[in-house]
Amino acid sequence: MKLPYVTATLGALLLATTALTLVHAQKPAPSAGSAPLAGNALPYPPPPFSGKFAPTLSGSQPDYALLAPVQAPQGAPNIIVVLTDDVGFGASGTFGGPIPTPNLDRLAANGLKYNEFQTTSICSATRAALLTGRNQHDVGIGDLADISSPYPGYTGMIPENADTIADVLRGNGYATAMFGKDHDTPSGEESAAGPFDRWPTGLGFDHFYGFVGGDSNQYQPNLYNNTTRVDGSQRPPGYMLDQDLADHAIDWIHQEKIAAPNKPFFVYYAPGSTHAPHQAPADWIARFHGQFNEGWNQLRVDTLNRQKAMGIVPQNAELSPWPTQIPTWDSLTPDQKTVDERYMEVYAGMLAYEDDQIGRVLDEVNRMGLANNTVVVFIEGDNGASGEAGPDGTLDEIIGMSQAAEDERVADPHWLAQHLDIMGGPKTYENYPVGWALAMDTPFPWVKQIASHLGGVRNGMVISWPGHIEDVGQIRHQYHHVVDIMPTLLQLAHVTAPQTFDGIPQLPLDGVSMAYSFDNADAPSTHQTQYYEMMGNRGIYHDGWLANTTPRNMPWDIAHNRPNSDVTSYNWELYDLDTDYSQTHNVAAQYPDRLKAMQTLFDEEARKNNVYPIQDSGLTYRAIQTAMTTKSFRFNYVFWGKDIYLPNVSSPAIFSLPFSIEADINVPANGANGVIVAAGSWFGGWSFYLRDGKPTAFAAASNLPGMQTRIEAPNPLAAGNSVVRYEFTPSGEGGTLTILVNGAQVASGQIAHRPMMMAGTAETFDVGRDSGVPVTDDYSNEGIFTGDIKKVEVNLKPPIGFQVLSFIQNLPKLPD
C-alpha cells in the first residue's frame with residue numbers, strides 16, 4: 001500500500017470522526033437554574049436525511065448526522081449517586097453520629113447537607129423511587145421486590161411505563177453503570193432463564209456489577225457481571241466486597257473515559273454495606289474497641305449534643321421518647337453489655353470501611369481531573385437503621401428468619417462474650433440489637449420499616465458540585481424526598497423526562513427538582529405533600545405537618561402471620577414538624593379537625609398512588625402470594641450437567657419437604673472430590689458431595705455450635721460411572737438421611753437439626769459447586785466437582801394430605 005493512500009485514508013477518517021463528534025454538540029451548557037430542554041420521546045428518532053443521493057457516489061452528498069450517536073448537552077456533568085444501606089440519620093459523623101465518615105465530610109465541605117430528606121423506610125421501595133422519580137406504590141414496589149401480591153402497588157415489578165433515570169440519561173448521550181445492590185429484580189426473574197428486562201441492564205444501565213438480592217456476604221458474595229454469574233472460586237486472600245465494588249467502579253470509569261472522553265457518565269453506586277450481615281475487616285473493627293461502653297441510651301444523648309453543636313438539628317430539638325418494647329442499657333447483664341458493645345463495634349467498622357472504599361472512587365475521579373464537572377449525590381441510608389434483630393441482636397440473622405427456629409436465634413450471651421473475635425467475621429451473619437438502631441436514628445423515633453415515624457424514613461443527604469454550588473459547607477432545611485433526586489439530576493444534565501419511552505406513554509414524575517435550594521437557603525420547600533406506607537405503618541406529610549399511625553407490629557416480628565389483621569384499627573398521631581423537629585410531641589388531641597383533614601389527604605394520595613389495599617398480614621403470609629404469582633413450585637427437577645444453578649425462589653423445596661437427590665456421575669481413574677449438589681450456606685444449608693471420594697451429606701441448621709451434622713459413606717467410589725442417591729425424611733426439627741450407591745444403601749443417620757431455609761438471599765441451589773458462602777469447611781474454592789456430572793434429579797415427596805398452601809405458609813421471611 002502506498003503511503004499517500006494511507007495518509008489520505010487516515011485524513012478522511014479523521015474528518016469523518018470530527019464531523020460525527022460535532023453533530024448534536026450544539027446544545028447549551030446546563031446550569032442549576034436553567035430549564036430542561038424540550039423532548040417528549042425516547043429514544044430519539046433518526047434525523048431526516050439532509051444530503052443528496054444519486055445513482056453514483058460522485059453525484060451524491062453525504063449527511064454525517066445519520067451516523068452520529070446521540071450526544072449529551074454540551075457541558076453536561078458526570079453524575080455519581082451513592083446510596084448506602086440501613087444507615088440511620090444519627091450514624092455518620094457527617095450528621096453528628098459517632099462513626100467517622102471523612103469522605104462524606106469532604107463532599108459536604110464542598111457541597112450541601114440536607115437534614116430533612118426522606119426515604120421510604122425499606123430498601124426495594126426506596127431504590128425504585130430513587131431510580132424512577134415516582135412513588136414506590138406507583139411503580140409496583142410497595143415494599144420488597146421479593147414479596148409480591150396481585151395488586152398494582154405490590155407487583156414487585158417496575159412497570160414499562162416508569163422509565164428510570166438511567167434510561168433517560170442513556171437516551172441523552174450518557175454512559176451508565178451500576179455497582180452494588182439492586183433488590184428491584186423480581187424474585188421469579190433471577191434465574192438464567194430471565195427475563196432480564198427488569199435487571200439493571202434492562203433498566204437503562206450499560207453495565208452492572210453487583211448482587212440482585214436484598215443482602216450479600218462481604219467475604220464470599222454471589223455476584224453478577226451484567227446478567228452472568230461471577231466465578232468466585234479464585235478470590236484472593238483478604239477479599240472484601242466493598243473493595244471489589246470500588247475496584248470495578250474505578251476500572252469502568254477508566255474504560256469509559258478512554259473510549260469516549262467527552263461522553264459524561266452516570267454511576268449508581270449502592271454498596272449494600274451495614275445491612276446484615278454486619279461484617280468488616282478485623283483491623284477496622286478494632287479501631288472502635290471500647291468506644292461504645294456507655295451504651296445506647298447515653299449514645300443518643302451524646303449524638304444529639306453533637307448534632308446541635310454542628311447545626312444539624314435545631315437547638316430546641318429533643319430526643320424522642322424511649323419505646324417500652326426496647327430494653328434500656330442499664331437493664332442488661334454484664335455479659336449482654338460485653339456482647340452488645342461488640343455488635344456496635346462491628347457495625348461501626350463496617351460503615352467506616354465502606355466510607356473509605358467510596359473515598360477511593362472519589363479520589364480517582366479527582367485524580368483524573370473530573371471532580372469539577374461531577375455532581376455527587378450521597379444518600380446515607382436507604383431507610384432508618386435496622387431493628388430487625390430485636391432486643392437481643394443476633395449472631396445469625398438467618399435463624400431469626402425461620403419461625404421454626406426462632407427460639408434459637410441468639411447465641412448464649414455468656415458463651416459469645418468469651419468468643420467476641422468471631423463477630424464480624426465470615427462465620428457470622430449478625431445484626432445488632434434494636435437499641436443501637438434507635439441510637440443510630442437519633443434524635444428521631446423508631447427504626448427501619450416504621451414509615452410512620454422519622455426514624456424509619458429520614459436520612460442524611462449530601463449534594464456536591466464543585467464550582468456550581470456557591471454556598472458550600474452549609475445546611476439546607478427544605479423538606480424533600482427520594483423521588484426528588486431524578487428530576488434534580490435531569491435538570492442539572494439539562495434534559496427532561498420523556499412523555500413516551502420505547503413507544504409507551506410514561507407516568508408523570510412525582511418528584512420535584514431540588515436545584516432551587518442550592519443557592520437559596522431560605523427558599524420554601526417545593527415538595528409540600530408526601531404520603532408514607534410500609535406494611536401497615538403509614539403517614540402523610542403536608543406543609544410542615546405529619547399525621548401518622550402508631551406502630552403496633554415490631555420490625556423483628558414481621559414474619560408472623562396476621563392474615564385477618566384489621567388495618568383500619570390503627571391509632572393516629574399528629575405532629576407539627578415546624579416546631580417539633582424530632583416528632584416528639586403528639587398534638588392529635590389538640591387539633592382533631594386537622595388530623596381528620598390529614599387522614600382524608602392520606603386517603604386521596606393512597607388512591608392516587610395504588611397504596612390500597614394496606615397489607616400488614618406478615619411477610620410469611622405474603623410469601624404465599626409470591627409463590628402463587630411466580631408459579632415456581634414443582635415436585636421434580638432435572639439438571640443436565642454441572643455448573644447449573646437456580647435462585648432461592650425457584651429452587652427445590654428441600655428445606656421443607658422429604659426429598660431424594662439422585663446423581664449420575666463419572667469418577668476419573670484418580671478419584672473425584674467436590675460438590676454434587678449444594679443449597680444455602682453454613683448459616684443454613686445442605687451439601688451433598690464427595691469427601692476423599694466418599695459420598696457425604698452435610699446439614700447446617702446454622703453456624704452456631706452443635707447445629708451441624710455430617711453423614712458419610714465408609715468407602716470411596718470406584719472409578720467409572722456411579723449413581724449416588726441421597727434420601728431425606730424430616731421428623732420434627734431433624735430427620736433421617738440415607739445414602740445409596742448404585743441402589744445399595746451405604747450409610748444412614750439422624751440429622752438432629754435440619755436446615756429450615758436456604759440461608760442468604762443471594763445463595764442458590766448449585767450443581768457441581770457451592771457458590772457464595774459454603775455450607776461446610778470440608779472443601780474450599782466453591783468445592784468444584786473434579787469428576788463429571790451427567791444428570792441430577794431432585795424429587796420432592798409430599799406427605800399424605802399435603803397441601804401446597806400449607807407448605808408455603810411455613811416459608812421464612814425474606815431480608816430487606
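Residues numbered from 1 in each chain as written. Predicted model: local features only at pLDDT ≥ 70, side-chain atom pairs only at ≥ 80, totals over all residues. Heavy atoms only, no water.

Peer 1: Which parts of the structure should I look at to understand the overall build of the chain?
Peer 2: Secondary structure summary: the chain contains 16 helices and 31 strands in total. Within the span of the chain, comprising 816 residues, buried residues form 60% of the whole. Only carbon and sulfur atoms are counted for the fraction: they give 53% of the accessible area of the chain, which is about 29,700 Å². (Helix = DSSP H or I, 4+ residues; strand = E, 2+ residues; numbered from the N terminus. Buried < 20%, exposed > 50% of the residue type's maximum accessible area, 1.4 Å probe, protein only. Areas by Shrake-Rupley, 256 points an atom, 1.4 Å probe, with all protein chains shown as cover.)

Peer 1: Got a minute to help me understand the sheet that holds strand β18 (residues 545-549) in this structure?
Peer 2: Strand-to-strand pairing in sheets goes through backbone hydrogen bonds, with the strands running parallel or antiparallel. Strand order in the open sheet formed by four strands is β16-β17-β18-β19, with antiparallel pairing between adjacent strands. Across the chains shown, the open sheet's two edge strands, defined by having one partner strand only, are β16 (529-534) and β19 (572-576). Pairwise comparison of adjacent strand axes, ignoring direction, gives a mean angle of 10° for this sheet. With five bridges connecting them, β18 and β19 associate as antiparallel partners. Considered in β19, the bridge of Trp 545 is made with Asp 576. Contacting β16, β17 (537-542), β18 and β19, helix α14 (residues 592-608) runs over the sheet at an angle of about 105° to β17. (Pairing = 2+ DSSP bridges. Axes fitted to C-alpha atoms, helices over the stretch in contact; angles between N-to-C directions. Contact = heavy atoms within 4.5 Å.)

Peer 1: Sorry if this is basic, but what is going on with the pattern of salt bridges here?
Peer 2: Pairs can form between side chains of opposite charge whenever their charged atoms are close. All told, the structure shown has 29 salt bridges when counted by the stated rule. One salt bridge connects Arg 342 with Glu 345, and the closest N-O pair in it is separated by 3.8 Å. With Arg 342 and Glu 345 both in helix α8 (residues 334-367) and three residues apart, the pair spans about one turn of that helix. For Glu 345, a relative accessible area of 4% translates into the label buried. Within the structure, one salt-bridge network assembled from shared partners comprises Asp 85, Arg 127, Lys 181 and Asp 382. (Salt bridge = Lys/Arg side-chain N within 4 Å of Asp/Glu carboxyl O.)

Peer 1: What should I look at first to understand the nonpolar core in this one?
Peer 2: Considering soluble globular proteins, one finds that nonpolar side chains tend to be buried as a cluster. Of all hydrophobic cores here, the largest spans 55 residues; its most connected members are Phe 179, Trp 252, Ile 253, Phe 265, Val 267 and Tyr 269. Examining the composition of this core, we find that seven residues originate from one element, helix α5 (residues 241-259), more than from any other. Contact partners of Phe 265, with chain neighbours within four places excluded, come to Pro 77, Asn 78, Ile 79, Ile 80, Tyr 174, Ala 175, Trp 252, Ile 253, Glu 256, Lys 257 and Leu 370. Grouped together as the second largest cluster of nonpolar side chains are 47 residues, Ala 72, Met 178, Phe 208 and Met 461 included. (Core = buried A, V, L, I, M, F, W, Y, C linked by side-chain atoms within 4.5 Å.)

Peer 1: For this particular structure, what's the right way to read the packing of helix α2 (residues 102-109) against α8?
Peer 2: Two quantities define a packed helix pair, namely the angle between the helix axes and the distance between the axes. Here α2 crosses α8 at 45°, and the two axes come no closer than 8 Å. By the angle class used here, α2 and α8 are oblique. Residues Pro 102, Asn 103, Leu 104, Arg 106 and Leu 107 of α2 form the contact with α8, whose own contacting residues are Asp 355, Asp 356, Gly 359, Leu 362 and Asp 363. Grouping the constituent residues of the contact of α2 with α8 by class yields four nonpolar, two polar and four charged. (Parallel < 35°, antiparallel > 145°, perpendicular 65-115°, else oblique. Nonpolar A, V, L, I, M, F, W, Y, C, P; charged D, E, K, R; others polar.)

Peer 1: Help me out: how do you make sense of unusual backbone geometry in this one?
Peer 2: Excluding glycine, residues mostly carry a negative phi; peptide bonds, for their part, are mostly trans. Note that the residue after Leu 42, namely Pro 43, is joined by a cis bond; omega there is -5°. When you line up the elements, Pro 43 lands in the loop between β1 (41-42) and β2 (78-83). The step from Ala 276 to Pro 277 runs through a cis peptide bond, and the omega angle for that step is 5°. Along the polypeptide, Pro 277 turns up in the loop between β9 (265-270) and α6 (282-286).

Peer 1: I would appreciate a short explanation of the sheet that holds β1 in the present structure.
Peer 2: Pairing within the open sheet is mixed, and its three strands lie in the order β1-β14-β15. Unpaired on one side and paired on the other, β1 and β15 (504-505) mark the two borders of the sheet.

Peer 1: Honestly, the environment of Thr 155 in this entry has me stumped. Any pointers?
Peer 2: On the secondary structure map, Thr 155 appears in the loop between α3 (123-132) and α4 (165-171). Through-space distance from the C-alpha of Thr 155 to that of Ala 145 is 7.8 Å; in sequence the pair is ten residues apart. Not counting the four nearest positions on each side in its chain, Thr 155 is found in contact with Gly 140, Ser 148 and Ser 149. Here Met 157 takes part through its backbone nitrogen, which lies 3.2 Å from a polar atom of the side chain of Thr 155. (Polar contact = N/O pair within 3.5 Å; in protein donor to acceptor, adjacent residues only side chain to side chain.)

Peer 1: Even after reading the chapter, I still don't get the pairing of strand β23 (residues 674-681), so can you show me in this structure?
Peer 2: Successive residues of a regular strand alternate their side chains across the two faces of the sheet. Across the eight residues of β23, eight count as buried, placing the element largely inside the fold. The pairing of β23 with strand β24 (residues 684-691) spans seven bridges and is classified as antiparallel. When the bridges of β24 are listed, Gly 680 appears paired with Gly 685. In this structure, the hairpin formed by β23 and β24 is closed by a connection of two residues. Bridge count for β23 against strand β30 (residues 764-767) is three bridges, and the pairing is antiparallel. If you follow Ala 679 over to β30, its bridge partner there is Phe 765.

Peer 1: What should I look at first to understand the packing of aromatic side chains in this one?
Peer 2: The description of an aromatic ring pair rests on the distance of the ring centres and on the angle between the ring planes. Enumeration over the complete set of coordinates arrives at 30 aromatic pairs. Between Trp 296 and Trp 329 the ring centres are 5.0 Å apart and the planes differ by 85°, which places this aromatic pair in the edge-to-face class. With Trp 296 in helix α7 (residues 295-310) and Trp 329 in the loop between α7 and α8, this residue pair connects regions lying 33 residues apart in the sequence. Arranged with centres 5.4 Å apart and planes meeting at 45°, the rings of Phe 444 and Tyr 581 form a pair that is tilted. You can see Phe 444 sitting in the loop between α11 (434-440) and α12 (454-457) and its partner Tyr 581 sitting in the loop between β19 and α14, a full 137 residues away along the chain. (Phe/Tyr/Trp six-rings, centres within 6.5 Å; stacked < 30°, edge-to-face > 60°.)

Peer 1: Just to check I follow, could you spell out the pairing of strand β11 (residues 460-464) for this structure?
Peer 2: Of all the five residues making up β11, five are buried; the element is thus mostly covered by neighbouring parts of the structure. Taking every second residue as pointing to the same face, both faces of β11 are buried, with Gly 460, Val 462 and Ser 464 on one and Met 461 and Ile 463 on the other. Bridge analysis of strand β3 (residues 111-114) against β11 gives four bridges, and the strand direction is antiparallel. Bridging across to β11, Leu 112 finds its partner in Ile 463. When strand β10 (residues 374-380) meets β11, the two strands line up antiparallel, connected through five bridges.

Peer 1: What exactly am I supposed to notice about the environment of Ala 762 here?
Peer 2: Along the chain, Ala 762 turns up in the loop between β29 (744-751) and β30. With relative accessibility at 18%, the residue Ala 762 sits in the buried group. Sequence separation between Ala 762 and Gly 680 is 82 residues, and the spatial gap between their C-alpha atoms is 8.9 Å. Once you skip the residues sitting within four places of it in the chain, Ala 762 turns out to touch Asp 215 and Asn 222.

Peer 1: Could you clarify how one ought to interpret the confidence of the model for the chain in this entry?
Peer 2: Caution applies to low-pLDDT parts of the model: their predicted coordinates are not meant to be read in detail. Confidence along the chain averages 91 in pLDDT terms, with 89% of residues attaining 70 or more. The model gives residues 1-38 a pLDDT under 50, and that stretch makes 52 contacts with residues more than four places away or in other chains. A low-confidence stretch, residues 403-409 stays under pLDDT 50, and its non-local contacts, those more than four residues away or across chains, total 24 contacts. (pLDDT = per-residue confidence, 0-100.)

Peer 1: Where do I start with the side chain of Lys 181 in this structure?
Peer 2: Positionally, Lys 181 belongs in strand β5 (residues 175-181). The exposure class assigned to Lys 181 is buried, which follows from its relative accessible area of 0%. In terms of polar contacts, Lys 181 uses its side chain to reach the side chain of Asp 85, at 2.6 Å. A polar side-chain atom of Lys 181 sits 2.7 Å from the main-chain carbonyl oxygen of Gly 214.

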